[in-house]
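A closer look at the structure
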Amino acid sequence: MIGAGSALLALALLGGLLVLVALAWERALTDAGADGELTIRIDALLPQTQCGRCGHPGCLPYARAIAAGEPFNRCPPGGASTIAALAELLGAEPRPLDPAHGQELPRRVAFIREADCIGCTKCLPACPVDAILGATRQLHTVIAELCTGCDLCVEPCPVDCIELIAVSPTPPSSAAERRPVAT
Amino acid sequence: MSARRRLRGGVQPPSHKAASVAGPIRDLPLPSLLILPLGDNHLLRAPGSWVGKGEPIADGSGLPVHASTSGFIRDIETRAIDADRHGPCVLLEPDGDDRWREPPRPLPIATLDRAQLLEAVRAAGIAGLGGGGFPTATKLAAPAIHTLVINAMECEAYVTADDALLREAAAEVVAGIGLAAHILASAPRVVIGIEDDKPEALAALRNALGGDDIELTVLPARYPAGAERLLIALLTGLEIPRDELPVAHGIVCLNVATVHALQRALGHGEPLLERIVTLSGGACREPANYRVPLGTPVADLLAASGYERERCASVLLGGGMMGRPLADLQTPVTRSTHCVLLLSAEEMRPTPPRTCIRCGWCADVCPVALLPQQLHRHALAEDLGALARHHLDQCLGCGACDHVCPSAIPLTRQFASAQAALAQLRADRQRADRDRDRFLAHQQRLARAAAERETRRGEAHPATPGSDLAALAMARAAGAGASREPLERTAAAAADRLRRLENQLAELDAGASAAQRNALQARIAQARIDHDAALRRLASGSTDAGATH
């Protein structure tokens with residue numbers, strides 16, 4: 001009896017979960033459904049840093065704006081390669097990054113100086129991808145693997161303890177440049 | 001005992017092999033410092049402590065790192081670990097005694113089960129010594145292996161480490177092959193592939209095999225027939241796709257030096273502490289094979305052979321075709337180091353690269369049937385999509401196309417960086433997809449939290465400041481009416497309590513003390529006060545409610 005009861009309970013839970021998943025999926029579909037094919041393809045080329053430096057609150061809104069005719073050279077994290085990809089998609093000439101929106105930099109991640117953090121939690125909601133871990137009056141830290149380097153956590157910090165540090169790129173191939181061919 | 005299939009494409013570069021196998025394998029004096037790449041491991045012993053030869057000094061998710069000789073652990077430092085990469089390394093200062101922690105003892109192989117044997121192979125730190133560096137225990141753990149391929153090809157120019165090993169220790173190699181087959185536990189067919197340009201090694205191997213049930217296939221020397229997948233195709237006819245492992249197709253391929261290490265580990269109890277390295281090249285005064293403790297800096301190896309800086313145009317880590325220039329001579333010899341070349345200026349590519357003339361020779365020699373000239377064109381245009389469509393992933397980097405290119409274009413180098421760029425692009429796309437999902441989840445979470453806050457506020461303050469006073473008054477009236485019920489209940493409870501106490505007093509017998517009687521009377525007095533107060537509150541509540549109407 002107990003077995004049957006718990007099985008029923010598990011089934012009910014599973015059913016509930018499925019309904020939730022289905023709801024979330026439907027929502028995602030309708031969210032995406034509002035955007036045209038072009039917007040989705042533009043969004044796929046944007047770096048998803050969600051930094052807002054283009055003047056829009058996230059990459060998808062900027063993709064919508066580009067689809068509506070806004071210049072496509074306003075994404076500093078994407079830089080020249082993203083501009084080139086967008087130009088190809090849109091059948092337009094690539095142009096240089098608009099300096100009014102920032103400069104192209106190597107990938108960076110936020111870093112919290114632990115000695116200075118006061119545990120105010122103000123940086124937590126600022127992170128667009130929930131990559132900061134922390135609680136009131138507890139030390140906060142950035143999950144480097146998840147950080148997009150968007151910069152948005154720096155401003156709300158009252159003690160200025162967040163800095164962005166460059167991630168060392170994949171090993172330099174300087175040695176490969178000098179490869180001779182012995183025969 | 002003859003070649004069954006012919007290699008597609010391939011080249012026959014000058015082998016330059018004779019000089020380094022003329023003499024026996026030499027021993028190297030102990031270097032003053034050993035540099036042992038840590039990999040994905042953590043240090044088991046504190047810096048400063050003494051470790052014996054063969055003692056594990058680091059272990060974890062990677063292969064264990066052993067002390068190649070006895071000495072003191074000095075520190076962990078970031079050092080060059082091969083021609084292109086840096087990584088954390090344990091620095092071990094030899095004490096010169098070369099003393100074992102415990103004298104090595106053979107393992108009781110017959111009494112150990114498969115799991116124990118695999119653990120012993122892992123604990124001995126054995127990885128592919130042909131250059132791949134793949135953990136051998138992982139290969140041997142594969143189920144249902146039908147063919148064990150032993151790679152004795154050594155097709156790379158200059159390299160003779162396996163040749164020398166077979167000449168001097170063919171019996172140990174054959175014993176190692178038996179052990180590998182035993183651990184696989186599926187009675188696989190065993191095939192050895194060897195090129196026809198090393199007759200002494202072949203003779204030694206034949207002699208050691210005796211009547212063993214092992215097939216020996218002699219293949220014509222042609223580069224790069226010794227590449228794992230190409231050799232498997234030559235010996236078994238099975239072509240393994242680039243994105244799959246041979247074990248998934250029931251095949252394990254091991255290098256002769258690897259099975260030799262297996263025999264040393266299980267048959268003698270010695271973990272993998274040294275390997276044979278060919279030192280050769282036009283600028284090398286005494287080309288030879290050396291038995292080198294793992295972690296020995298390349299500089300020490302060069303010093304032993306009389307390295308002359310001015311004669312040497314380039315130091316290569318690896319063979320003549322796939323070797324890579326070494327910028328830092330403090331790079332250590334690792335499990336994958338089979339050759340160090342000192343090249344003279346004459347051995348270097350003489351001319352600077354010119355433009356592609358579309359001769360197509362590169363396509364003729366490519367062992368995996370790619371079109372290097374097309375790849376070259378797309379690589380120049382940095383068209384990663386086209387490179388992927390032309391199967392850039394399949395490129396082995398063998399350098400056969402470089403070898404025949406009349407325009408001296410460094411094709412393989414170009415393909416390697418294009419492969420890295422393609423991998424980087426794929427990784428970036430994956431990361432962007434993940435970030436998009438996380439951003440969406442973040443926004444949904446914020447929206448949900450805001451909605452919940454709104455709901456809570458609604459419950460706490462049903463009447464918002466904007467609503468009219470009449471509605472407010474009516475709500476209060478309804479609240480007062482609702483609150484009469486608890487007041488009535490309180491009054492009834494107080495009356496009940498008073499009645500019970502009065503009954504107790506009446507039933508109190510004559511024998512009860514005055515103190516008991518007084519205490520009870522005091523409680524009755526208090527209960528009467530409470531009862532009166534409850535009645536008053538009930539009455540006033542009714543009056544309030546009546547007044548508002």
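Parameters at a glance
Residues numbered from 1 in each chain as written. Chains lettered and ligands numbered in written order. Predicted model: local features only at pLDDT ≥ 70, side-chain atom pairs only at ≥ 80, totals over all residues. Heavy atoms only, no water. Helix = DSSP H or I, 4+ residues; strand = E, 2+ residues; numbered from the N terminus. Buried < 20%, exposed > 50% of the residue type's maximum accessible area, 1.4 Å probe, protein only. Salt bridge = Lys/Arg side-chain N within 4 Å of Asp/Glu carboxyl O. pLDDT = per-residue confidence, 0-100. Contact = heavy atoms within 4.5 Å. Core = buried A, V, L, I, M, F, W, Y, C linked by side-chain atoms within 4.5 Å. Expected span 1.5 Å × (residues − 1). Polar contact = N/O pair within 3.5 Å; in protein donor to acceptor, adjacent residues only side chain to side chain. Pairing = 2+ DSSP bridges. Axes fitted to C-alpha atoms, helices over the stretch in contact; angles between N-to-C directions.

As a further point, take unusual backbone geometry. Between Tyr223(B) and Pro224(B) the backbone carries a cis peptide bond, its omega angle lying at 0°. Positioned with a positive phi, Asp151(A) is a non-glycine residue whose angle comes to about 90°. Within the fold, Asp151(A) resides in the loop between β3 (141-142) and β4 (162-166). A positive phi is found at Asp98(B), a non-glycine position, where the angle reads about 50°. Inspection of the secondary structure puts Asp98(B) in the loop between β8 (86-94) and α1 (114-123). Overall, Asp98(B) belongs to the partly exposed group, its relative accessible area being 31%.

Here the focus is the pattern of salt bridges. Pairing of side chains with opposite charge becomes possible as their charged atoms draw close. All names here are of chain B. Evaluation of the coordinates by the stated rule reveals 35 salt bridges over all chains. Ionic pairing is found between Arg26 and Glu286, a salt bridge with its closest N-O pair at 2.8 Å. Here the residue Arg26 occupies a position in strand β1 (residues 26-27), and Glu286 occupies one in the loop between β13 (274-280) and β14 (288-293), the gap between them amounting to 260 residues. Exposure remark for Arg26: the relative accessible area of 31% places this residue in the partly exposed category. Here Arg101 and Glu55 are joined by a salt bridge, their closest N and O atoms 3.3 Å apart. Of this pair, Arg101 sits in the loop between β8 and α1 while Glu55 is found in the loop between β4 (50-51) and β5 (56-60), placing the two residues 46 residues apart along the sequence. Judged by its relative accessible area of 45%, Arg101 falls in the partly exposed class. Relative accessible area serves as the criterion here: at 11%, Glu55 is assigned to the buried category.

Turning to the confidence of the model for chain A, a few remarks are in order. Residue and element names in this part refer to chain A. In this model, chain A carries an average pLDDT of 81, and 73% of its residues clear a pLDDT of 70 or more. Within the model, pLDDT remains below 50 along residues 26-32, and this stretch shows three contacts once partners closer than five positions in the same chain are excluded. Low pLDDT, under 50, characterises residues 170-183; the stretch is placed with 39 contacts to residues that sit more than four places away or in other chains.

All names here are of chain B. Counting 51 residues, the largest nonpolar core has Leu148, Ile150, Ile177, Ile192 and Ile194 as its most contacted members. With 13 residues, helix α3 (residues 161-184) is the largest single contributor of residues to this core. Leaving out residues up to four positions away in the same chain, Leu148 has contacts with Ile177, Ala180, Ala181, Leu184, Pro188, Arg189, Val190, Val191, Val252 and Leu254.

So, about helix α6 (residues 256-268) of chain B. One full turn of an α-helix is made of 3.6 residues, so residues set three or four places apart face in the same direction. Residues and elements named next belong to chain B. An ideal rise of 1.5 Å per residue puts 18 Å on 13 residues; α6 measures up with 17 Å between its terminal C-alpha atoms. Here α6 lies mainly inside the structure; ten of its 13 residues are buried. Within α6, the full set of buried residues consists of Val256, Ala257, Thr258, Val259, His260, Ala261, Leu262, Gln263, Ala265 and Leu266. Tucked inside the fold, the buried residues of α6 contact α1, α2 (136-140), β9 (147-152), α3 and β12 (251-255). Two or three places before Ala257, at the opening of α6, Asn255 has a side-chain oxygen 2.7 Å from that residue's backbone nitrogen.

Looking now at the sheet that holds β9(B). Residue and element names in this part refer to chain B. Within the open sheet, the four strands sit side by side as β11-β10-β9-β12. Their pairing is parallel. Each end of this open sheet is capped by a strand with a single partner; those strands are β11 (215-219) and β12. When the angles between neighbouring strand axes are averaged without regard to direction, this sheet yields 25°. Across five bridges, the pairing between β9 and β12 is parallel. Within β12, the residue paired with Leu148 across the bridge is Val252. Helix α4 (residues 199-209) rests against β10 (189-195) and β11 of the sheet, and its axis sits at about 170° to β11. Sheet strands touched by helix α5 (residues 228-236): β9, β10, β11 and β12. Its angle to β9, the strand with the most contacts, is close to 120°.

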